[in-house]
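Residues per chain are reported as follows:
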Amino acid sequence: MKIHLVDGTYELFRAHFGAPPKKSQSGQEVGATLGMLRSMLLLLSDPEVTHVAVAFDHVIESFRNKMYKGYKSSEGVDPIILNQFPVAEAAIKALGLVTWPMVKFEADDAIATAVAKFKKVKSVEQIVICSVDKDLTQMVDGDRVICWDRRREITLNEKGVIEKFGVSPESIPDFLALVGDSADGYPGIQGWGEKSTSTVLAKYKHIEAIPNDPNKLGLGLGRATTLLENLKSNYKDALLFRELSTLRTDVPLKENLADLKWLGATSRLKKVCKELGSESIVDRIKLWR
């Protein structure tokens, strides 16, 4: 069997920018929620999709905001999308899918925890992470755990991660720490671009293994000297950024493998769709529990 772990935050944002606007009975904008519901129904129409969980950033903030002031937050996020998080979570839950609304942790941490937990199960043939988040590529493992960009129909196995970033999945947190990640709000280390970083980490894998000798980096001497000076001056920041980008695998998820099996939509979905002002979605559902 396959397990599909969905980045609900990404799906909701994607729907927000792609689905037509729609008002609920109460007058709230719910176009993104309806778009996400349709997206999940499309996913569930594939006979290979049997075991599914959806993780949300119930609040954008997490424990990482206490570690680094500039880390991503809800500041500046359109209230129209922010206000739909609880609505979308309720709708996906009514669809009969396991939902993980994160508060202390992030949605990525829930997905990472699920990967670590379920990839050990022999009956699990493959885990498919439905997300485009670079952080999640650190969880890719051969062909057993892959990332899938549903919009562009692109999958990344371990070979694909190496081709895209120039480093293996285990080095992704180090790569992001040095290069920076604007989506998460940390700048990386000055001068460390993607090409030079991948060249160095492809050989040394982790920040603390990078030698102090510029002749050993595989770059031009002047370039290597500057990079090492910048890294030395900002070494604590580099380690902090790596900690920020390293996903946690200790989120307390209570569900077992059987709980992830989709058994159909719940009867509550009919009421939810009526409240959302789109009862026609109900007609598309072939399986009810």
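These numbers were taken from a predicted model, which means no experiment stands behind them.

Colleague: Lay out the packing of helix α5 (residues 85-94) against helix α12 (residues 268-276) with the relevant residues and their values.
Modeller: For any two helices packed against each other, the geometry comes down to the angle between their axes and how far apart the axes lie. Interaxial distance between α5 and α12 falls to 8 Å at its minimum, and their mutual angle equals 145°. Where α5 crosses over α12, the handedness of that crossing is left-handed. Counting all contacts with α5, which are made through V87, A91 and A94, the residues of α12 involved are R268, L269, V272 and L276. The residue makeup of the contact of α5 with α12, split by class, is six nonpolar, no polar and one charged.

Colleague: An account of the state of the cysteines is needed here, citing residue identities and associated values.
Modeller: As used here, a disulfide is simply a covalent bond connecting the sulfur atoms of two cysteines. Following the criterion strictly, the structure yields zero disulfides and no others. Not engaged in a disulfide, the cysteine C147 finds its nearest cysteine sulfur in C130; these two sulfurs lie 9.2 Å apart.

Colleague: Requested: an account of the packing of helix α2 (residues 31-44) against α5, with residues and values cited.
Modeller: Axis separation between α2 and α5 bottoms out at 9 Å; the angle between their running directions is 30°. Put simply, α2 runs roughly parallel to α5. For the pair α2 and α5, the sense of crossing is right-handed. Across the interface between the two elements, T33, M36, L37 and M40 from α2 touch V87, A88, A91 and I92 from α5. In the contact of α2 with α5, the residues fall into seven nonpolar, one polar and no charged.

Colleague: Go over the packing of aromatic side chains with me, naming the residues and quoting the values.
Modeller: Tallied over the full model, the rule gives five aromatic pairs. Consider the rings of F165 and F175, whose centres lie 5.7 Å apart with planes at 70°: the pair is edge-to-face. Of the two residues, F165 is situated in helix α7 (residues 158-165) and F175 in helix α8 (residues 172-179); the sequence distance between them amounts to ten residues. The class of F175 is buried, set by a relative accessible area of 2%. A network of ring pairs unites the aromatic residues Y68, Y186 and F241 as a single cluster.

Colleague: Tell me about the pattern of salt bridges, and name the residues and values.
Modeller: Counted under the stated rule, the structure contains 15 salt bridges. For K134, the salt bridge goes to D181, with nearest N and O atoms at 3.8 Å. With K134 in the loop between β4 (126-130) and β5 (145-149) and D181 in the loop between α8 and α9 (194-204), the pair connects residues that are 47 residues apart, well separated along the chain. Among the salt bridges present, the one from R242 reaches D174, with a minimum N-O distance of 2.8 Å. Taken together, the positions of R242 in helix α11 (residues 235-245) and D174 in helix α8 put the pair 68 residues apart, joining distant regions of the chain. Take R242 and D174: they sit in the same class, and that class is buried.

Colleague: For the sheet that holds strand β2 (residues 51-57), give the residues involved together with the corresponding values.
Modeller: Pairing is mixed in the open sheet, where six strands are placed in the order β3-β2-β1-β4-β5-β6. Across the chains shown, the open sheet's two edge strands, defined by having one partner strand only, are β3 (98-102) and β6 (154-156). For this sheet, the mean inter-axis angle between neighbouring strands, taken without regard to orientation, is 20°. Alignment of strand β1 (residues 2-7) against β2, held across five bridges, turns out to be parallel. Within β2, the residue paired with H4 across the bridge is V52. The strands touched by α2 are β1, β2 and β5; relative to β2, the strand with the most contacts, the crossing angle is about 155°.

Colleague: Describe the nonpolar core, with residues and values.
Modeller: In this structure, L5, W100, L178 and I210 are the most contacted members of the largest nonpolar core, which totals 56 residues. Among the elements that make up this core, the one with the highest residue count is helix α6 (residues 107-118) (seven residues). Discounting residues that sit within four places of it in the chain, L5 has contacts with A53, W100, I111, A114, V115, I127, V128, I129 and C130. Counting 40 residues, the second-largest nonpolar core is a separate cluster that includes M36, M40, V87 and L269.

Colleague: I'd like a rundown of the side chain of D108, residues and numbers included.
Modeller: Residue position: D108 is located in helix α6. There is no salt bridge for the buried D108, and the closest opposite charge comes from K72, which lies 5.3 Å off by N-O distance. The residues contacting D108, other than those within four sequence positions of it, are D7, D133, D135, L136 and L247.

Colleague: Mind laying out unusual backbone geometry, listing which residues take part and the relevant values?
Modeller: Although it is not a glycine, E153 adopts a positive phi angle of roughly 55°. In this model, K205 sits at a positive phi of 70°, which is unusual for a non-glycine residue. Position of K205 relative to the elements: it lies in the loop between α9 and α10 (221-233).

Colleague: So what's going on with the side chain of D135? Residues and values would help.
Modeller: Here D135 shows up in the loop between β4 and β5. For the buried D135, no salt bridge is present, and the opposite-charge side chain at shortest range is K72, 5.8 Å distant. Residues in contact with D135, not counting those within four places in the same chain, are D108, L176, D181, D184, Y186, S245 and L247.

Calculation notes
- Residues numbered from 1 in each chain as written.
- Predicted model: local features only at pLDDT ≥ 70, side-chain atom pairs only at ≥ 80, totals over all residues.
- Heavy atoms only, no water.
- Axes fitted to C-alpha atoms, helices over the stretch in contact; angles between N-to-C directions.
- Helix = DSSP H or I, 4+ residues; strand = E, 2+ residues; numbered from the N terminus.
- Left-handed = near helix turned anticlockwise from the far one by under 90°.
- Contact = heavy atoms within 4.5 Å.
- Nonpolar A, V, L, I, M, F, W, Y, C, P; charged D, E, K, R; others polar.
- Disulfide = S-S within 2.5 Å.
- Parallel < 35°, antiparallel > 145°, perpendicular 65-115°, else oblique.
- Phe/Tyr/Trp six-rings, centres within 6.5 Å; stacked < 30°, edge-to-face > 60°.
- Buried < 20%, exposed > 50% of the residue type's maximum accessible area, 1.4 Å probe, protein only.
- Salt bridge = Lys/Arg side-chain N within 4 Å of Asp/Glu carboxyl O.
- Pairing = 2+ DSSP bridges.
- Core = buried A, V, L, I, M, F, W, Y, C linked by side-chain atoms within 4.5 Å.
- Lys, Arg positive; Asp, Glu negative; His and termini not counted.

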